[in-house]
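# Observations on the three-dimensional arrangement
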Amino acid sequence: MSKDSYTGDHVVDEIVEHIALEKAGVLHEHITARKTKPKKKSSGFLFNLFMYMVVGVELWLIYIEIMKRL
């Protein structure tokens, strides 16, 4: 179909018909329903903080062992 067939009163009639069928329970597409927002992924801040602390402690212990041997 061309773009011209989707302009004007035809589109309004199709939308009204779709909403009426939706309200009657015939269609279940819900063109009028709100779309839910996708949940944000957590940034993993606590995991990163914990891992940096572990690496920092291990580097500090290695530093102490090196200083004992000097």
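Calculation rules
Residues numbered from 1 in each chain as written. Predicted model: local features only at pLDDT ≥ 70, side-chain atom pairs only at ≥ 80, totals over all residues. Heavy atoms only, no water. Phe/Tyr/Trp six-rings, centres within 6.5 Å; stacked < 30°, edge-to-face > 60°. Helix = DSSP H or I, 4+ residues; strand = E, 2+ residues; numbered from the N terminus. Patch = residues over 30% accessible without salt bridge, like charges linked within 9 Å, V, L, I, M, F, W, Y side chains within 5 Å. Areas by Shrake-Rupley, 256 points an atom, 1.4 Å probe, with all protein chains shown as cover. Salt bridge = Lys/Arg side-chain N within 4 Å of Asp/Glu carboxyl O. Lys, Arg positive; Asp, Glu negative; His and termini not counted. Charge placed at Lys NZ, Arg CZ, Asp CG, Glu CD. Buried < 20%, exposed > 50% of the residue type's maximum accessible area, 1.4 Å probe, protein only.

### Side note on the packing of aromatic side chains
Scanning the model with the defined rule gives one aromatic pair in all. With centroids separated by 5.5 Å and ring planes inclined at 35 degrees, the aromatic side chains of tryptophan 60 and tyrosine 63 adopt a geometry described as tilted. Taken together, the residues span about one helical turn, with tryptophan 60 and tyrosine 63 both in helix 2 (residues 45-69) at a distance of three residues.

### Structural notes on a negative patch on the surface
A cluster of acidic residues, Asp9, Asp13, Glu14 and Glu17, forms a negative patch on the protein surface. Take aspartate 9: it is sitting in helix 1 (residues 9-24). Overall, the relative accessible area of 62% leaves aspartate 9 in the exposed class.

### Some details on the pattern of salt bridges
Scanning all chains against the criterion turns up one salt bridge. The residue glutamate 65 makes a salt bridge to lysine 68 at a minimum N-O spacing of 3.8 Å. With glutamate 65 and lysine 68 both in helix 2, this residue pair falls three residues apart, about one helical turn. Accessibility expressed as a relative area gives 38% for glutamate 65, which makes it partly exposed.

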